[in-house]
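Residues per chain are reported as follows:
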Protein chains: 2
Amino acid sequence: MLMILQALRIGLLATAAALAGPALAALESAPDFSAANFLLDNGMEVVVIPDHRAPIVTHMVWYKIGSADEPPGKSGIAHFFEHLMFKATANHAAGEFDRAVSEIGGSNNAFTSYDYTAFHETVPPSALEQMMGFEADRMRNLILTDDVIKTERDVILEERRSRIDSNPQAVLDEEVDATLWQNQPYRIPVIGWIQEMEQLNRTDAEAFYDSYYRPNNAVLVVAGDVDPDAVKAMAERTYGKVARGPDLRPRIRPVEPQQNTKRTVTLTDARVSVPSFSTQWVVPSYHTAKPGEAEALDLLAEILGGGNRSRLYQQLVVKQGIASEASAFFQSTMLDATNFTVYGSPRGDAKLADVEAAVDAEIGRIVKDGVTENELERAKTRYVRSMIFLRDKQDDMASMYGSTLATGGNVKDIEERPDRIRKVTAEEVKAAAARYLALDRSTTGYLLPQQQVEQ
Amino acid sequence: MLMILQALRIGLLATAAALAGPALAALESAPDFSAANFLLDNGMEVVVIPDHRAPIVTHMVWYKIGSADEPPGKSGIAHFFEHLMFKATANHAAGEFDRAVSEIGGSNNAFTSYDYTAFHETVPPSALEQMMGFEADRMRNLILTDDVIKTERDVILEERRSRIDSNPQAVLDEEVDATLWQNQPYRIPVIGWIQEMEQLNRTDAEAFYDSYYRPNNAVLVVAGDVDPDAVKAMAERTYGKVARGPDLRPRIRPVEPQQNTKRTVTLTDARVSVPSFSTQWVVPSYHTAKPGEAEALDLLAEILGGGNRSRLYQQLVVKQGIASEASAFFQSTMLDATNFTVYGSPRGDAKLADVEAAVDAEIGRIVKDGVTENELERAKTRYVRSMIFLRDKQDDMASMYGSTLATGGNVKDIEERPDRIRKVTAEEVKAAAARYLALDRSTTGYLLPQQQVEQ
């Protein structure tokens, strides 16, 4: 089981699961992936994206439950439950599902984020209904014993130790997140605070399962060499048999108050060799933004720091030669307000402060002078092309639908995105930068090598 | 109604309510204030502290409900409810209670903090039973209409605007608190985040009232010219008639993870003329500390920065002359882990950075070399004497009992405090400083005058 903490641009999750199918050639123009979208009688939403380029199918179930939905003091339970979903059910022993996937040469995995928990398999189309059967089974038939709870709790605690506590960057990121977010639950780490993970128990797990693992809280995404009508019939035969659960409360979470301060978080650690910084701001997500504003932020991230053509890269890495990396990132696909990040690291004898000042100067330049029509056009082209490239990997494409639908969006949002990106004006990009990227209302994390401590 | 956000040393609340009785002379030795302590049948705890120096009595009801107990997204409701308690009940019109107090020359007030909400009156002893009648009545008989809710919500919103949003120090303090506390609910302002205060409604208020305003969640403190048996009889005739409510869940709140970083929060504002800083650490409170540790922190605060005899004052204000103030403070009486604070402000041409460096140096000196026996003895004497002085103001004395009992302590804790303070060793003070006051794991707030902004 894999826990993904950081989503990539436009909401895609970097899964470690390798596709089992053949490598697919990149496409320079978008093929027609018209998605079918319907509800089962029990409230489960289904999206089918036919993709006949290869005889494989990606099957994903997205539950609209993530770490930001956890009860106070129960941090980590969403991710813990992702682990528990791989245990025995009333109908299948633990490991049986995994073995069935490997035996047919497929791959499978799962991940938990702030807004959702997802399970996926990539298999030959002939195995799709079998996968649906396994997934539908574990949606309601898990056997949660105290032994299972204890064993798997030890696993997540070890996962925390190895992935977070032994990694200075991860330790810093947790405290930066909790400094950026002072009220909204994105401040809580997906994996959980250790003192709360240690206390998670069977009662918590059962309550969580009964509340959230229900067809009316799930989105099924099937992408691949399949026919929507056939998928619908299979879904009805499998998931359709799972009873609808009680209605869930709307996902209304505490929101962030206005930030009035400049905040910093500094971790100094002997294991760090090269210093780095990242500065973040709270900005609207596609789900919370006014029309056009998230699109403007997406293009702002692209122009400012989206790869080698961006201003930050050209200025700091290429021209001044002071940075080994300098980039910007907009975490766009979230249920609630989200973050816009810039980061950089010095090269050679350059100082971290110089890199930060140069990044700040580039931000100041966009705030003051805006962007040119030419670079905006090029950014739009790169952005739209990246949406096409993204369809090239079937599980990335499926994830784009799943993450959007699990964060309050719909299929139309995805289909209309390229047109809405093309409509963004240079003035809108400048306005987004001016409104959100204020240096005196920001949160900066510094990762520093150990120095002579004065104290 | 008064909301008190900052408690003074040893947990006393600085109430603005002036005592109506005659001024009392300071005592150099402790008179015997043996407190009677018992439960009513409905679970209400009672403390009576006879104090016959003047013909007045202080009557307080402490509810074990504060802002840190609020449901997620409902910040401010504890303080809002403090306001609502002054509205009409089934038996008394709004304002009737207040008028009854003024007519007999008494005073009354209320306050809300993280761990409790308290209501108090100071009156002649003959009016005590009348006060009890009013308090017992509003414990259960409030009439909460939509009109009442709307009107009073406007009042708390205006209170927030005038006390917090128009005050740069208060705005900074809120964000420093939310940066210091990343999980524990002390990160949430007592008055509430404005976007949540705006949404508080009658349903929220009724649920809150029914859960927490119950005799079995309240502590009655009566200090003054009264006899414990007579107070007991009166309490039974008034509060005793209020039915016990459902058992409350233990007050187990999310706790703070280990801090691994140095954090800063900076507010720059044109209304600031003199810069200042404060650095905080998470430390145990009397309720969470191992035996002797909170006492050592109390003495550390006294030696480091408790008034004009302290190291910070002597070094920065008197000797170096660089600071207009330099102090230390331990917020000791809290249900959960609490904060230890140092702060300072420059004088004349001195720079804030110099003041901060000098404060840090004094901390470093205690961490490295500890404290002398002589200054420890003097600090103990000052501390114990301050506990005696504190009994001089009847409402401060009553508050000491109320705040201790509302944060998990008991009468014995208060009575034994002087002895436990006297037992602290110099080694324990040094160890507390070394364990908790690490500069690379601290949270510092900076309040700065407006400067030339580079951006």
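Not measured: the values here are computed from a predicted model.

Definitions and cut-offs
- Residues numbered from 1 in each chain as written.
- Chains lettered and ligands numbered in written order.
- Predicted model: local features only at pLDDT ≥ 70, side-chain atom pairs only at ≥ 80, totals over all residues.
- Heavy atoms only, no water.
- Helix = DSSP H or I, 4+ residues; strand = E, 2+ residues; numbered from the N terminus.
- Rg over C-alpha atoms; globule rule 2.2 N^0.38 Å.
- Buried < 20%, exposed > 50% of the residue type's maximum accessible area, 1.4 Å probe, protein only.
- Contact = heavy atoms within 4.5 Å.
- Areas by Shrake-Rupley, 256 points an atom, 1.4 Å probe, with all protein chains shown as cover.
- UniProt positions renumbered as here; feature names shortened; annotations may be inferred.
- Domains from an automatic or database assignment.
- Buried area = accessible area lost by both parts, 1.4 Å probe.
- Salt bridge = Lys/Arg side-chain N within 4 Å of Asp/Glu carboxyl O.
- Polar contact = N/O pair within 3.5 Å; in protein donor to acceptor, adjacent residues only side chain to side chain.
- Nonpolar A, V, L, I, M, F, W, Y, C, P; charged D, E, K, R; others polar.
- Pairing = 2+ DSSP bridges.
- Axes fitted to C-alpha atoms, helices over the stretch in contact; angles between N-to-C directions.
- Least-squares fit on C-alpha atoms with pLDDT ≥ 70 in both.
- Phe/Tyr/Trp six-rings, centres within 6.5 Å; stacked < 30°, edge-to-face > 60°.
- Lys NZ or Arg CZ within 6 Å of the ring centre and 35° of its normal.

Quick word on the overall build of chain A
Secondary structure summary: chain A contains 15 helices and 11 strands in total. Since a compact globule built from 455 residues should have a radius of gyration of about 23 Å, the 22 Å found for chain A is in line with a globular shape. In terms of principal-axis extent, the alpha carbons of chain A reach across some 60 × 55 × 40 Å. Out of the 455 residues belonging to chain A, those deemed buried represent 60%. Contacts in chain A between residues at least 24 apart in sequence constitute 81% of all its contacts with a sequence separation of at least 6. About 17800 Å² of surface is accessible on chain A, with carbon and sulfur atoms providing 50% of the total.

Here's the deal with the environment of B:Gly306
Considering the arrangement of structural elements, one finds B:Gly306 in the loop between helix H9 (293-305) and helix H10 (311-319). Between the alpha carbons of B:Gly306 and B:Phe330 there is a distance of 9.7 Å; along the sequence they are 24 residues apart.

Section: the UniProt feature "domain: Peptidase M16 C-terminal" (unreviewed entry) in chain A
Within the UniProt annotation, "domain: Peptidase M16 C-terminal" (unreviewed entry) is assigned to residues 200-382 of chain A. Spanning residues 200-382 of chain A, this segment combines 39% helix with 22% strand, and its end C-alpha atoms are found 45 Å apart.

Section: the domain arrangement of chain A
All names here are of chain A. Domain assignment breaks chain A into domain 1 (31-241) and domain 2 (263-449). Between domain 1 and domain 2, the C-alpha centre-to-centre distance is 28 Å. If you look at the interface, domain 1 gives 37 residues, while domain 2 gives 36 residues. Summing both sides of the interface, domain 1 and domain 2 together bury roughly 3100 Å²; the carbon and sulfur share of this comes to 67%. The interface formed by domain 1 and domain 2 holds one salt bridge in total.

Some words on the interface of chain A and chain B
Across the boundary between the two partners, chain A contributes 32 residues, which contact 32 residues of chain B. Between chain A and chain B lies a buried interface of about 2700 Å² when both sides are counted; carbon and sulfur atoms form 48% of it. Viewed at the interface, chain B and chain A are joined by two salt bridges. The interface formed by chain A and chain B includes 21 residue pairs in polar contact (both at pLDDT 80 or more). Of all elements in the fold, only helix H5 (168-180), helix H6 (194-197) and strand S7 (262-269) of chain A reach the threshold of two or more residues within the side of chain A that touches chain B. Looking at which element gives the most residues to the side of chain A that touches chain B, the answer is S7(A), with six residues. For the side of chain A that touches chain B, the residue count by class is 14 nonpolar, 12 polar and six charged.

So, the sheet that holds strand S2 (residues 45-50) of chain B
All names here are of chain B. Taking strand neighbours across the sheet as the criterion, the six strands line up as S1-S2-S6-S3-S5-S4 in an open arrangement whose pairing is mixed. On the outer flanks of this sheet lie strand S1 (36-39) and strand S4 (107-112), each paired with one strand and no other. The average angle at which neighbouring strand axes cross in this sheet is 15 degrees, direction not considered. In the packing of helix H1 (residues 77-84) onto the sheet, the strands contacted are S4 and strand S5 (117-123), and the crossing angle to S4 comes to about 160 degrees.

Quick look at the relation of the copies chain A and chain B
When chain A is fitted onto chain B, the two copies agree to an RMSD of 0.0 Å after a turn of 180 degrees and an axial shift of 0.0 Å. Both copies of the chain, as the preceding transformation shows, are related through a two-fold rotation axis. Interface residue correspondence from chain A to chain B reaches 100%, placing this contact among same-surface, isologous pairings.

Brief notes about the pairing of S4(B)
Residues in a regular strand point their side chains to alternate faces of the sheet. All names here are of chain B. Buried residues dominate S4, accounting for five of its six residues. Direction of pairing for S4 relative to S5: antiparallel, over a ladder of six bridges. By the bridge assignment for S5, Asn109 is matched with His120. Once S4 ends, the chain turns through four residues before running back antiparallel as S5.

Notes on the pattern of salt bridges
Scanning the model with the defined rule gives 66 salt bridges over all chains in all. Here B:Asp165 makes a salt bridge to B:Arg160, at a shortest N to O gap of 2.9 Å. Residue class for B:Asp165 comes out partly exposed when judged on its relative accessible area of 34%. In this structure B:Arg160 comes out as buried when scored by relative accessible area, which is 4%. Here the residues in one salt-bridge network are A:Asp69, A:Asp115, A:Arg251, A:Arg253 and A:Asp336, joined through shared partners.

Regarding the side chain of B:Thr117
Residues and elements named next belong to chain B. Within the secondary structure, Thr117 sits in strand S5. Among the polar contacts made by the side chain of Thr117, one reaches the main-chain carbonyl oxygen of Ile65 at a distance of 2.7 Å. Setting aside its immediate chain neighbours within four residues, Thr117 contacts Val61, Trp62, Tyr63, Ile65, Gly66, Ala78, Glu82, Phe111, Thr112 and Tyr213.

What to know about the packing of aromatic side chains
Think of a pair of aromatic rings as described by two things: how far the centres are apart, and how the planes are tilted against each other in angle. Residues and elements named next belong to chain A. Enumeration according to the criterion identifies 34 aromatic pairs over all chains in this entry. Members of the aromatic cluster, each reached through a chain of ring pairs, are Tyr63, Phe81, Phe86, Phe119, Phe208, Tyr209, Tyr212 and Tyr213. The aromatic ring of Tyr209 is capped on one face by Arg140, whose charged end is 4.7 Å from the ring centroid.

Re the sheet that holds strand S1 (residues 36-39) of chain A
Residue and element names in this part refer to chain A. In spatial order, the strands read S1-S2-S6-S3-S5-S4; together these six strands make up an open sheet with mixed pairing. Two strands bound the open sheet, and with one partner strand each, they are S1 and strand S4 (107-112). On average, each strand axis in the sheet is tilted by 15 degrees relative to the strand beside it, whichever way the strands run. Each of S4 and strand S5 (117-123) is contacted by helix H1 (residues 77-84), which is oriented at about 160 degrees to S4, the strand it contacts most.

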